[in-house]
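# Observations on chain architecture
The residues making up each chain are set out below.
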Amino acid sequence: MYDKLFPPKQMVLDNGKVVMQKRTRLPLILIILAILTAASVQLTGFDLQLLFSRIKNFFKILGEMVPPNWSYFPKLLEALLATLQMSLLGSMIGAILALPFALLASSNVMRNKVITSIFKIMMSLLRTLPTLVTALIATFIFGLGPMAGLVAIILFTLSYVGKLLYEQIENVDMGPFQAMESIGMNRVEAFRYAIFPQVLSRYLSTSLFCFEGNVRYAAILGYVGAGGIGLLIKENLGWRDYSNVGMIVFALVITVYIIESISEHFRKKLT
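Positions within a chain are numbered from 1, following the residues in the order the chain's sequence is written. A pLDDT threshold of at least 70 governs which residues receive local features in this predicted model, and a stricter bar of 80 or more applies before side-chain atom pairs are shown or counted, although totals over entire chains, interfaces and linings include all residues. With hydrogens and water excluded, all non-hydrogen atoms of the structure serve as input to the side-chain values.

## Brief notes about a nonpolar patch on the surface
A cluster of nonpolar side chains, contributed by Val41, Phe46, Leu48, Leu51, Phe52, Ile55, Phe58, Phe59 and Leu62, occupies part of the molecular surface with about 860 Å² of accessible area. A run of H or I in DSSP counts as a helix once it spans at least four residues, and a run of E counts as a strand once it spans at least two, with each numbered from the N terminus. With 7 residues, the top contributor of residues to the nonpolar patch is helix α3 (residues 48–65). Turning to its location among the elements, Phe52 is positioned in helix α3. Surface patches are drawn from residues lacking salt bridges whose relative accessible area is over 30%; two like charges belong together within 9 Å, two nonpolar side chains (Val, Leu, Ile, Met, Phe, Trp, Tyr) within 5 Å. Residue exposure ignores everything except the shown protein chains as possible cover, and the areas themselves are Shrake-Rupley values with a 1.4 Å probe. Any carboxyl oxygen of Asp or Glu within 4 Å of a side-chain nitrogen of Lys or Arg constitutes a salt bridge here.

## Details of unusual backbone geometry
Omega for the bond connecting Val66 with Pro67 falls within 30 degrees of zero, at -5°, which places this linkage in the cis form. As for its placement among the helices and strands, Pro67 is situated in the loop between α3 and α4 (73–105). Its identity as a non-glycine residue notwithstanding, Arg240 has a phi of 60°, on the positive side. The topology assignment puts Arg240 in the loop between α10 (229–238) and α11 (242–270). Buried means the residue's accessible area, taken with a 1.4 Å probe over protein chains only, is under 20% of the maximum for its type, while exposed means over 50%, and partly exposed covers the values in between. Judged by its relative accessible area of 56%, Arg240 falls in the exposed class.

## Quick look at the nonpolar core
Counting residues in hydrophobic clusters, the biggest one holds 26 residues, and the most contacted among them are Val109, Ile169, Phe177, Phe191 and Ile195. Counting residues per element, the ones that place at least two in this core are α4, α5 (113–128), α7 (146–169) and α9 (187–218). Apart from residues no more than four positions distant in its own chain, Phe177 is found in contact with Val109, Arg111, Arg187, Ala190, Phe191, Ala194 and Ile195. Nonpolar cores were defined as sets of buried Ala, Val, Leu, Ile, Met, Phe, Trp, Tyr and Cys residues, with membership established by side-chain atoms within 4.5 Å. Residues Tyr72, Leu76, Leu232 and Ile233 belong to the second largest nonpolar core, which totals 16 residues. By definition in these notes, contact holds between two residues if any of their heavy atoms fall within 4.5 Å.

Taken by themselves, the reported measurements are silent on function.
This is the structure in structure tokens:
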């Protein structure tokens, strides 16, 4: 359609050959982006003037968070440890559960298309649910507290690691697997000795990377009653006690940085 409205132009090369050069799509892309931007501004009620007039309040709050209230650290330590424990346990359980789910979703190992489709759909549905929504649903089932956050992290880790793992399994060399089956091993045994060693390093690396993200997710699960340090953030923001919020954010940033540094070190060793 675009080529009909804006036909290619002829170009004569040095050797005399005539070629057709297609018109650039950049003007059309810019027009589409401009239309979508205008529609988004209209639908969201975005007000640039309001943004610039109120942005000073953001920096005012940041100013009240600095310096942080250092004396508040002992009070937040227990919640911080609960957040870390929730993230670690949820990541471990989710990563372990992701292994059988990924196996059952791998079309090159499980030749039953119904089974693989069911498990792929299950993991896709779990990925579409935001962690906060999952935690909110879990609070109605398990009550308020870290248990709801733990379940939310388990389900997210299961869907995230499982998705990447079954894609890795479907792209491995199947020669060793077929050789194991030919000598009498069942499918699970052949997977254990032929495929799992090929994906083990990437599986561990993905699980570590997911743990990094889970620490950040767990920090805000308190907003829906799932316990952890997020509950303290919500309470102190409600009381406008920004110096305490500054201490919480500072402790969280340092904790996440340490975890990411350690995780990155081990992930480099695995790749």
